[in-house]
Structure formats: structure tokens, C-alpha cells
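So you can see what is in the structure, the chains are spelled out below.
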Amino acid sequence: MPYVVERKPLTLSERLYFPQILAGMRVTLKHLIAPNVTMEYPEQRPAIPPGYRGVPTLVMDPNGREKCVSCQLCEFVCPPKAIRITPGEIPHNAPTAHVEKAPQAFDIDMLRCIYCGLCQEVCPEEAIFLQNQYSMTGYTREEMVNNKARLYELGGTLPDSHHKWDKKKAAEAHGNAH
Amino acid sequence: MSAVMQLWASLHPVVQMLVKGLAVIGVMFPFGGACSLIERKVSAWMQGRPGPNRAIPFWFAWIPVIGPFLQRLGVFHLLADGGKMFLKEDSLPGHVNKFYFLLAPVLAMIPALTTVTVVPFGAYLDDAGRLAPLVLANLDVGILAVFAVSSLGVYSLILAGWASNSKYPFLGGVRASAQLISYEISMTLSVLPVFLMINAPGGDGSLSLFRVVEFQSGTSGWHGTWFILTMPLAAVIFLVSLFAETNRLPFDMAECDADLVGGFHTEYGSMKWGLFFVAEYSHMLIGSGVFVLLFLGGWNPLPWVPLERVAGWLHLVDKPLLLGLLSIVIFMGKGLLFIFVFMWVRWTVPRFRYDQVMKLGWQKLLPLAIGNLIFYAILIAWLQPKF
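Residues numbered from 1 in each chain as written. Chains lettered and ligands numbered in written order. Predicted model: local features only at pLDDT ≥ 70, side-chain atom pairs only at ≥ 80, totals over all residues.

Caption draft 1: Layout of the interface of chain A and chain B. Taken together, the contact between chain A and chain B spans eleven residues of the former and ten residues of the latter. When its residues are assigned to classes, the side of chain A that touches chain B shows five nonpolar, five polar and one charged. (Contact = placed C-beta atoms within 7 Å. Nonpolar A, V, L, I, M, F, W, Y, C, P; charged D, E, K, R; others polar.)

Here it is, written out as C-alpha cells:
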């Protein structure tokens, strides 16, 4: 049964036009007085809601250890192929030598990134997060590629209570390594 | 002061008129520019935005409260916009008919600034205690001169449209000319009752705008009533035609961004384009000025409260300069109110379709205007002997 919209003939006030225009002018006058709905952007910043997907960043754990182990899952999952990782070994004498690997270089090309968040979703180490940073600008293509140092600078440290690698090391010391 | 007055009196009358004319144009031109800023601000406020509020010369930023306030008002955007127009590349497309293309913006300005001469913008009491108008040329043909000269403005639109040698400007020019010509008739017919009213049979007739205001300057009865109260329909028809004549929304067929890019001025840039806009705003200023003179009592502050009476209250009778300024302020105030109404309507009503514009003009407004004229002609013929 099709839904029939009833087309009423125009009333007298609608055909006279002026009452309708005056009613419209009343509405616009109300808006003239009403407070602005816009935000003056560079001075006022919008409140970022939780779960916002901003610029992807690399984060450290509370002990200051870089969490990325360069498993390259994000590189493989990245739909626009914006991520490029060069895996590297961790020196034996380093305090984090018990961790498998670390990225030697980690580049995210922000001209390719589509902010889909798949890298964050796929990361087994919770090392990559799309955080609140929403404004990425630059004058050259090179500037728009975030290297590892820049990614950590943007990411900072996020709270994390897993300490997965420390637990693994402790377990190994107690002789029940899997 | 008296030395200046003596110097002024010793000048040749032609030089005097030239200086006066330049002074009025010197006021009109920036006002036309200022209207574009007011338009931007009003549209912004109606859309819930702050509007232009960034530009500020650094020396104004040093003034504590006033500087930022002016910045928020966007006053300096006016200068920035104007300056930008002068500094932009003045491109001349290769495919245009150069002579007429360059002529069109000039032609747009001429009628816009010429009509000012016959529009009185204030009044003072001369030595004999009689009301004298502040006007460049108090012609007896007054309103006729306004209509005759301002309708020349359509030539600039046609020229711009044709000379651009491009389809959208062409269509815009054709539409604009058709629209201007059709609404001119109802506009002229709508003001005739006013002049029937002020010209008593037997006396010498006049179409002077000053006479219209004089008629509305009484203190009681018909002579103090503003014509908008006695002839509301004529006022409405005149106002609607004024919207159409000045190419303002809802009648901006000439520009019609959605289907004609920019209409007749699509191919224009920099100051040539700016001239079209100053001309449009000047037309608006003069149009609202004429409306105020015809229907809203000109420089009289309230119905039945004429300027002379206010002069008596404020002891300004023997100070023509101050009284003249006061009358100009009152007149400009009413005029600016109408400028605001123009903008208010622009940001309220969507654009008519072209056939609707023509239908409204020929099938609704024209019969209304003729009917209105006949009605008032009979009414005035019946009433006039009684007052």
C-alpha cells in the first residue's frame, strides 16, 4: 500500500505570501539575537570525545619502554599502506633486552593514512593508538611523514597495567617459561 | 568659521556645486562599501556565526578596549576588502568585447551616483524661518528624474552581459533587463497616488520629493500622516518593486548563483567587479532613501511630529547647521533601517524562479498597482475638496 502524501491547496495566507515572509523574518530575527553556534577555531578548541580517532601515534608503557615490537601486523593490515616499519634487534646489554624486537625505523605517511584505526585494532602490544591530535599540517611531503621520534613525541605514555614482557621475564626467572 | 563661509560664498557657483557633489559622492561611495560589510555581518549573525572579525592594523591593536571591539565588529575588513579589490590583478578575458566590457562597470556607477543629486537628504530652517531642503538639485521633476536616471542602470547590466561573450553573463543580462523593465511599471504606478495627494487641483503641480516630505510635515490630520499609513498598499508595491529593481534577493535573477554562476558579472574581477557592487548598494541606498521620503516622512522623526517642532524643542531654529545635521541623522537612520530590512529579507526568503518573477510582476503587482491608482484617484477626487 503506497503512502499517499496529501497535497493541500494553499491557504489564503500562503497565497498572499506576505504573512509567510513575515513569519520567516521573525525566525531569522530570532537567530539574529541568538548566540552563535560556531567555534572560533584556533583560539577555541573543540572537546575531543573519548574514542576519537586522531593521528596514529606510538606509545610507551609507564616504565618508559617502547611497546612496539615491530611485528609489522599494522604494516600488513594498513589499507592505504601508510605504515613502513624496519625491524631491528635490541642490544643485549639494554635493560629491555628481554623483549623480542624493536623497530629500527617506523614511518607513517600521513598523506596516505585514512584514520581507519585498523593498526590500533590489530596491534598485539597495544603500542599504536589513534589519539586526540586532529590537525596535521605541513609545507612539504617529507614533513607529512611521521618518523619514529615524532610518533613517540605525539604518543607519549599511556597507562597500562599489563607489563607483559616484565611478567614473562619474571616467570622465566622462576623457571616456568612456556 | 566665518572666513571659511566667506571663502565658500566667493567661489563660483559651478565650483560650489562640484564640491557639494563630490562631498555627497564621497559619502555615498564608502557607504556602498560599508553596506557590503554590514551585509556580511548581518548574514553571519542570522546564521549563528560571528562573521568577519579578524583583520586589525597593529596600531589599532594597541588601543585597549576600542581596538579589539572594532576588530570584533569587523570594521577593518571593510578596508581590507576594498584594498584587496584595488590590488588584485585586473584581468581582461581575451574573448570579450573590450570597449563595452570596460564601459559596463562605469555605466553602472553613473546612474547610481547621478540619482543622488535630486534626492533631498535633510532640511534646515533658512533665515526667513521656512523649511529649506538639503539637496544638490531641488528639481521640480524630482521622482521622475530618479526613475528616469536609475532605469539607465539596466544598460550596464545588458552591456556587461553581452560584452562578456559568454553564456551565463548573457543569460544574466537578459534576465536582469527583462526584470528591471517589468517592475519599473508597477513601481512608477505605485507612487502616483502620493503625487495625486500632494498636488491640489488648480495649483501648480510638482513631482519634487521635497514637496512630498513637506506634505507629511504637518502636525495634525492628513498633513502629518505618513503616506505608509494612508497608502499601505502603494508602499508595499513600491517596496517589492524596489527589491526587484535593485536586484536583491528574492529577485536576484541577474546573479542567481545556482544556475548562472555569477550572472552578468561572471567575467569581471577586481575593482571592475567591485564597481558593480558599489553600484548595487548605492541603488539600495537611494531606493531606501526614496522610500523613506515618499512613505516614511523623510526627516520627520515621528508622524505628526515634524522637524520644525523638534527644532523648537531643542532651540535649533536659528542654528541651520546643527538642524541640518539632525535632519540628516534622522533621514540616514531611517534609510539604514531599510538597508537592514533589505538584508533581513535576503537572508530569509529563497530566490524566486524566473517565471515566478515575471508572473508576480505582470500578473499580480501590475494589476494591483493600477487598481491602487484608480482607487486612490477616486478617493482623492472625492476627499480633496474637504481638506
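Caption draft 2: Here's a closer look at the pairing of strand β1 (residues 122-125) of chain B. Residue and element names in this part refer to chain B. Of the two faces of β1, the one holding Gly 122 and Tyr 124 and the one holding Ala 123 and Leu 125 are both buried throughout. The pairing of β1 with strand β2 (residues 131-134) spans four bridges and is antiparallel. By the bridge assignment, Gly 122 is partnered in β2 with Leu 134. (Buried ≥ 20, exposed ≤ 12 C-beta atoms within 10 Å, placed from the backbone. Helix = DSSP H or I, 4+ residues; strand = E, 2+ residues; numbered from the N terminus. Pairing = 2+ DSSP bridges.)

Caption draft 3: How the structure looks around the packing of helix α2 (residues 13-46) of chain B against helix α5 (residues 75-87) of chain B. Residue and element names in this part refer to chain B. Their axes nearest at 9 Å, the elements α2 and α5 cross at an angle of 115°. Crossing geometry of α2 relative to α5 is assigned as right-handed. Contact residues: Gly 33, Ala 34, Ser 36 and Leu 37 in α2; His 77, Leu 78, Asp 81 and Gly 82 in α5. Grouping the constituent residues of the contact of α2 with α5 by class yields three nonpolar, four polar and one charged. (Axes fitted to C-alpha atoms, helices over the stretch in contact; angles between N-to-C directions. Left-handed = near helix turned anticlockwise from the far one by under 90°.)

Caption draft 4: A look at helix α7 (residues 142-150) of chain B. All names here are of chain B. Residues of α7 that are buried include every one of Gly 142, Ile 143, Ala 145, Val 146 and Ser 150, and no others. The buried side chains of α7 occupy one side of the element, clustering within an arc of 160° when seen end-on. If you follow the buried residues of α7, they end up packed against α6 (98-114), α8 (153-163), α9 (167-198), α10 (209-215) and α14 (270-295). (Arc of directions from axis to C-beta.)

Caption draft 5: Up close: the sheet that holds strand β2 (residues 83-88) of chain A. Residues and elements named next belong to chain A. The sheet built from three strands is open, its strands ordered β2-β3-β5 with antiparallel pairing. Whereas interior strands pair on both sides, the edge strands pair on one side only; in this sheet they are β2 and β5 (145-146). The pairing of β2 with strand β3 (residues 102-109) spans six bridges and is antiparallel. From the neighbouring strand, Ile 83 faces β3, where its bridge partner is Ile 108. Of the strands in this sheet, β3 and β5 touch helix α5 (residues 148-155), which is tilted by about 80° from β3.

Caption draft 6: Highlighting the environment of Met187(B). Residues and elements named next belong to chain B. Within the secondary structure, Met 187 is located in helix α9. Along the backbone, Met 187 and Asp 140 are 47 residues apart, and their C-alpha atoms lie at a distance of 19 Å. Not counting residues up to four positions away in its chain, the partners in contact with Met 187 are Phe 238, Ser 241, Leu 242 and Glu 245.

Caption draft 7: Molecular detail of the domain arrangement of chain B. Residues and elements named next belong to chain B. Structurally, chain B comprises domain 1 (2-49 + 90-386) and domain 2 (52-88). In this structure, domain 1 and domain 2 have C-alpha centres spaced 29 Å apart. Across the contact, eleven residues belong to domain 1 and nine residues belong to domain 2. Breaking the side of domain 1 that touches domain 2 down by element, the ones donating at least two residues are α2 and α14. If one sorts the elements of the side of domain 1 that touches domain 2 by residue count, α2 sits on top with six residues. Here the side of domain 1 that touches domain 2 is built from residues that sort into three nonpolar, five polar and three charged. (Domains from an automatic or database assignment.)

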